[in-house]
Amino acid sequence: MIKEICQKYAPRKDNLIQILHEIQDQDPQHYISPEAVDTVAEYLDIPVNHIYGVLTFYTMYSTKPRGKNIIRLCESPPCYIKGSDNMLRKLKVLLGINIGETTKDGLFTLEFTSCLGVCGNAPVMMINDDVYGDLTEEKVEEIIERIRGRR
Amino acid sequence: MKFYRSHILVSINETSLAAGVQEFITALRNELAKNDLAEEINILETGPLGFFGRGICLTVYPENINYEGVKIEDIPELVQEHFLKGRPVKRLMVGVTEKFSPKFNYENRIVLRNSGIIDPENIDDYIGAGGYVALEKALTNMQPNDIIAEVKKSGLKGRGGAAFPAGLKWSFTSALDVPQKYVVVNADEGEPGTFKDRLIMEGDPHQLLEGIILCARAVGASKAYIYIRGEYKLCIARLEKAIKQAYDYGILGKNIFDSGFDLDIELKIGAGAYVCGEETALIESLEGNRGTPRWKPPFPGVEGLWKAPTIVNNVETLANVPFIIAKGADEFLQYGTPDCPGTKVYTILGDVAYPGLCEVDMGTTLRTIINDYAGGMKKGFRFKAALVGGAAGVILPDRLLDVKMDFTSLNQYSAVLGSGAILVLNEHQSIVDLLWSILRFFRHESCGKCSPCKNGTQQLYQLISKIRKGNGTMEDVNLMLLIAETMQQTSFCALGQSPIMAVRSAIENFTDEFIEITKK
Amino acid sequence: MAKTVNVFIDGHHLEVPETMTIIEAADKIGIYIPRLCYHPDLPPTGNCGVCVVEIAGNPTPKRACCTPVAEGMKIVTNSKKLRSYRKTVVEMILSNHDVTCPTCPANNKCELQSLANNLGVDSEALPNILVKTPADESSLSIIRDTNKCIGCGRCITVCNEVQTVYALTFAERGIDTHIDTAFSQGMANSPCVNCGQCTVYCPTGALHERSELDAVWEAILDPEKHVIVQEAPSIRVSLGEEFGMPLGSVTPKKMYAALRKIGFDSVMDTNFTADLTIMEEGTECVTKLKAGEKRPLITSCSPGWIKFMETYYPDLADCVSTAKSPMSMFGVLSKTYYAQEKGIDPAKIVSVAIMPCTAKKFEARRPELSDSGFQDTDYVLTTREFIRMIKEAGIDFANIPDEEPDEGMSFYTGAGTIFGATGGVMEAAIRSAYYLVTGTDLQNVDITAVRGLEGVKEASVDVPGFGKVNVAVAHGLSNARKVLDRVREGLATKGESPWHFIEIMACPGGCVGGGGQPYGNDIASRARRGLALYEEDRNLPVRMSHHNPEVLKVYEKFLGEPNSKLALKLLHTHYFKRSVFNGQVTAEITHKHG
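Residues numbered from 1 in each chain as written. Chains lettered and ligands numbered in written order. Predicted model: local features only at pLDDT ≥ 70, side-chain atom pairs only at ≥ 80, totals over all residues.

### Quick look at the overall build of chain C
Put simply, the rule reads: Strands here are runs of E lasting at least two residues and helices are runs of H or I lasting at least four, both read from the DSSP assignment and numbered beginning at the N terminus. Counts of 20 or more other C-beta atoms within 10 Å of a residue's own C-beta define buried residues, counts of 12 or fewer define exposed ones, and intermediate counts define partly exposed ones; C-beta atoms are placed from the backbone. Contact between residues is assigned whenever the C-beta positions, reconstructed from backbone atoms, fall within 7 Å.
On a plain count of helices and strands, chain C comes out with 19 helices and 19 strands. C-alpha atoms of chain C, sized along the principal axes, occupy 75 × 60 × 50 Å. Burial analysis of chain C (594 residues in total) assigns 57% to the buried set. Considering only contacts in chain C between residues 6 or more positions apart, those separated by 24 or more positions represent 74%.

### Regarding the packing of helix α8 (residues 196-203) of chain B against helix α10 (residues 233-248) of chain B
Residues and elements named next belong to chain B. Convention followed: To define axes, lines are fitted to C-alpha atoms, for helices over the stretch in contact only, and angles between the resulting N-to-C directions are given on a 0 to 180 degree scale. Handedness of each helix crossing follows the sense of rotation of the near helix against the far helix: counterclockwise by less than a right angle gives left-handed, clockwise gives right-handed. Each residue gets one of three labels, nonpolar for Ala, Val, Leu, Ile, Met, Phe, Trp, Tyr, Cys and Pro, charged for Asp, Glu, Lys and Arg, and polar for the others, Gly among them.
In contact at an axis separation of 8 Å, α8 and α10 are set at 35° when each is read in the N-to-C sense. Both α8 and α10 take part in a crossing whose hand is left-handed. Facing α8, whose interface residues are Arg-198, Met-201 and Glu-202, α10 presents Leu-234, Cys-235, Arg-238 and Leu-239. Its residues assigned to classes, the contact of α8 with α10 comprises four nonpolar, no polar and three charged.

### Thoughts on unusual backbone geometry
Here the bond from Ala-122 of chain A into Pro-123 of chain A is cis, since omega is -5°, no more than 30 degrees from zero. Residue Pro-298 of chain B follows Pro-297 of chain B across a cis peptide bond; omega there is -5°. Inspection of the secondary structure assignment puts Pro-298 of chain B in the loop between α11 (279-286) and β8 (310-314). Phi is positive for Lys-307 of chain B, close to 65°, though the residue is something other than glycine.

### Here we look at the sheet that holds strand β1 (residues 69-74) of chain A
All names here are of chain A. Where we set the bar: At least two DSSP bridges between two strands are needed for those strands to be called paired.
Spatial ordering of the open sheet is given by β2-β1-β3-β4, a layout of four strands whose pairing is mixed. Looking at strand neighbours, the two that pair on one side only are β2 (108-113) and β4 (130-132), the edges of this open sheet. Ignoring strand direction, the axes of neighbouring strands in this sheet form an average angle of 25°. Alignment of β1 against strand β3 (residues 125-127), held across three bridges, turns out to be antiparallel. Looking at the pairing, Leu-73 lines up with Met-125 of β3. Together, β1, β2 and β3 form the strand contacts of helix α6 (residues 84-95), whose direction differs from that of β1 by roughly 155°.

### Some points on the domain arrangement of chain C
Residues and elements named next belong to chain C. The cut-off we apply is this: Residue ranges for the domains trace back to a domain assignment, done automatically or taken from a database.
Per the domain assignment, the segments making up chain C are domain 1 (4-78), domain 2 (101-209) and domain 3 (214-588). Spacing between the C-alpha centres of domain 2 and domain 3 amounts to 29 Å. Those elements that place two or more of their residues in the side of domain 2 that touches domain 3 are α4 (154-162) and α5 (197-201). Taken together, the residues that form the side of domain 2 that touches domain 3 break down as nine nonpolar, ten polar and three charged.

### Quick look at the domain arrangement of chain A
Splitting chain A by domain gives domain 1 (2-57) and domain 2 (69-150). Each of domain 1 of chain A and domain 2 of chain A has a C-alpha centre, and these two points are 28 Å apart.

### So, the environment of Val-380 of chain C
Residues and elements named next belong to chain C. Relative to the helices and strands, Val-380 is located in strand β14 (residues 379-382). By C-beta crowding, Val-380 is classed as buried, having 31 other C-beta atoms within 10 Å. For the pair Val-380 and Lys-360, spaced 20 residues apart in sequence, the C-alpha separation works out to 6.7 Å. Residues within four places of Val-380 in sequence aside, it is in contact with Glu-212, Ala-353, Met-355, Lys-360, Lys-361 and Ala-364.

### Let's talk about the interface of chain C and chain B
How big an interface is tends to be expressed through the accessible area that disappears when the partners come together. The interface of chain C with chain B comprises 28 residues on the first partner and 28 residues on the second. Looking at the side of chain C that touches chain B, the element that brings in the most residues is helix α2 (residues 80-95) of chain C, giving six residues. By residue class, the composition of the side of chain C that touches chain B is 15 nonpolar, ten polar and three charged.

### Some words on the interface of chain A and chain B
Across the contact, 35 residues belong to chain A and 45 residues belong to chain B. Taken together, the elements giving at least two residues each to the side of chain A that touches chain B come down to α2 (16-26), α4 (48-57), α5 (77-80) and β4 of chain A. With four residues, the top contributor of residues to the side of chain A that touches chain B is α2 of chain A. In the side of chain A that touches chain B, the residues fall into 18 nonpolar, eleven polar and six charged.

### Here we look at the UniProt feature "binding site: [2Fe-2S] cluster" (unreviewed entry) in chain A
What counts here: UniProt positions are given in the numbering used here, feature names are shortened, and annotations may be inferred rather than shown by experiment.
Using the residue numbers shown here, the UniProt feature "binding site: [2Fe-2S] cluster" (unreviewed entry) corresponds to Cys-74, Cys-79, Cys-115 and Cys-119 of chain A. Considering the C-alpha atoms alone, the annotated residues occupy 46 residues of sequence yet fold into one spot, their largest mutual distance being 9.4 Å. Here Cys-79 of chain A falls in the buried class, since 29 other C-beta atoms lie within 10 Å of it. Beyond its immediate chain neighbours, meaning those up to four positions away, Cys-79 of chain A contacts Cys-74, Ser-84, Cys-119, Ala-122, Pro-123 and Val-124 of chain A. Mapped onto the elements, Cys-115 of chain A comes out in the loop between β2 and β3. The exposure class assigned to Cys-115 of chain A is buried, which follows from the 30 C-beta atoms found within 10 Å. Beyond its immediate stretch of four places on either side in the chain, Cys-115 of chain A contacts Cys-74 and Ser-76 of chain A together with Gly-190, Pro-192 and Gly-193 of chain B.

### Section: the confidence of the model for chain A
Stated precisely, the cut-off is as follows: pLDDT runs from 0 to 100 and stands for how confident the predictor is about each residue.
Per-residue confidence for chain A averages 93 on the pLDDT scale, and 99% of its residues sit at or above 70. Model confidence for chain A, summarised as mean pLDDT per element, is weakest for β4 of chain A at 84 and strongest for α4 of chain A at 98.

Structure (structure tokens):
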């Protein structure tokens, strides 16, 4: 599968970031494994250490397996002054995990994100590709429960 | 063209998508059909409207009525009252429950003039609104040097923060006789509280494309990249569509308008790094590397992407160019101040009555922006401070509310206009808290390349955390100033040079708060 | 000739090429700008921020290491403000540093330590922000202690650009940024070839060799053990500088005296097996030449190069000489020939090698290098460790009277001693190969075309009865790649290599610039050490390996003749293929003779 993703792109280093995006998006655990990196390194003919350096630089990538749903809470000042820290506390209690961790059932991973540019609706969080704004503790609970019910 | 009695503009953006706008449109369409209004009332899916409301927002033309937070349950009432009986639904309207009615000032806009009016996903709408006229003019009646001369004359300054004159930047690159040059669009908008570029790209992507093509023509580039944040899913989708349409129309690709000029535009998606908003870090990232900055000189205009001369411009900067070329620099100079001509897009957030966006003349005061475009303070709150320019900006107290918002005037207050983000705080909010949040941000976003920034951002964060908990002393406060100043003077790039802005303005303008908290 | 510009540094006018940076221009007229991450051998990273200077017309200071000079530039290198900034920058670095100087391997050699001292900084001015992490001790050669790392990036530049080994990278971001191997698997599980150039360029104690000093002392102090020691050619030229002698002092006899004083039971010399290597490798070369072989013969003495080949060029493994390195030839002979001659139970022999090299520690532990029935070489000490040993023993090295080595495996020729410099093995081999083909000695034994620090050197030697022999010499692994890529290309397109015989040394400058050499091991000192070895060669009575009497004796009494059955068994080896991903062996690609 990794090889097929690679082959959609020309074997040039500047496609590395796009290839990693796609690999991660298609991975059921939303991460990039050492094996995947090995394959990409071979395809692009760039060293493994370079890819690892890139991988760990950008916040959107993970080298560890993650949950089915990735919650990314905005920690920027506009969200902070609107109470994002309360949302963080609520999420930690609801999920029983800290930032950077994944719930035991593999359903959620909790992360921070920098500004999502939806500050008019601060505080906001992103779950996978969806943005949730004007968060309150009740709303956060409702969203989490809804996703839990969906599985 | 079909004639409709009314047009309902529905804003499709990250916020409304989160609120379920797609289901909403289907329901609205059904309700209109049920009432035999399908032929009379047109629904237009568009970009951000002239205001920044909650949830799903609508503007109805020609009545020019704005609704916000509209839900599916509200549709029957809306159709019955507004579209059948001609009585707007007051409880959903923006601003009418207050004395204030926000100005939407379409007449004064340049980069957002089409936003919320045309369908951003349709190239014909853009052309119908006068789009690609500048390009035709430039390719048929102008030499590349004429384009540069016009942009120089317009006095357009970079809207990314550094405020470097765009025409001058272009002229350096244009003068170089090399086979390959590039244009890179900096759409890696990451300054907290800033989303003006998102609005421009969501609302009018073709305007940006036209600006890119004009720039590429002027400097002699045959390839352009738009480096966009990975989080901006809707922008990405709209730009992809717009680029495809432009190729289909022969506006991109080989021999554009039979002028012999070729240009390809490619989208590149970022992966989450604020520092990539710095032009050299952005170039590193484009090349597939860690997004750490390069030393300047050489500047990218001389040695940039793959060592080729590269123009890196912000989205808003390039979005101004079609107007300048189509209408002429003289027209552009009618806007703003002589020193800083043109308009500026602001996002106004925090404790104002109507958080949102506006595009106003350069030089408009902070007070005017807050009062006229955001309805002043939220009811029951008093103004305490505004963080202007995002995390890399300054914290201004009320005595500076009448400062003119343009690059030159703000420099006097050692403030930067930067991103155009204005975050307003009420009297109950703590400056120490705000500063803590800003410094946490820098600590997270420092790229870690140079030691002043890497260690400095951590030191600042630990010191403000200590102070915030009430365990700090004024010595710690002074240490913060020393560290931030050293970072400003010795950091490799603008990121590490920035925290001093917030640190100094917070400590100088709100000294009492620091004295108070360190007394404990 | 580049265009020149006029600049003014602290009021001094100078005219310099426009390609120069401010720090280079200042150095040129003896104005010292404080610095930390900058190293003259490497492209600047600009990471530390210490070398900031004021340039007229600029609101903020600029880094002298990466800012090029420009016409009319007015530079101030010292001011109240600059001093304050530099101090605070260094204080910030120290606040994120494991300040344990007295016990640090880089103590007194640490560039951060001396900078902090020179600038008069207060190491406790700022609260400590260091989050301690465990050191990477996976490698047999190199220990990587992130707590001492200042993020200058020199090791990364050396590893990726100079050596093209691609083991180290910056990982993570911001305060979490650190130097790491891919997926934090540790250096032993990376493509690291153990060359140790990272340890040479590290300005602090963050990268250093895995010390085997304690084990060696223990063996020396154990009356049951017979400890025999060998020293590589380049050791004799780099010890003196650490004891106040001029750079390039060649001190083999002080070295022997010190070793004996330390308590080694038998003091021999690797130069002896360098000569022996020439007999084995030279014979192999001549056999290949005579057979009209289209694939080249490549030298095999540099263990960093061997691991590099196994990782990145396994397809050329059959081109690499099967001859063991001089160290490993010595190791195996110490537990066979020497044991037999002296009547000592080889189980009681501890064979110690003093090497300019960290990769030798890895080589010594290769399981296949145990043809004596034991691990052929027990311990490898770097030059730096040996210096520490001399200091621990309180030896006044500069003034210790000269002594001779023990006899049997210590006599060496000029050919053996130049093994320590790039091109030396090639030159030594040519001297003897010529003899092996023609039966007469080469008239002029100075093959200057293969000397010096040019990255890739080529020469063509006329050998009567054979014709032109084309040779190439590369040092530093990025240069090795250039040569190897051309070999690959030649083999693929024309079916033959552009050269018959190739010398490759992993380290720039050859062993004189090895990863185990004293700190401050820059290109200039490597050049000086190399020249000193050529000087020693010129002054030695015997300059060709095939005339080494002890070498002739070992063949006569023990091995028979070069490439004999016993020689092939004891003195030759074979190679493996390694994963680029984690450096581990994936297959055996060449097989042991016989």
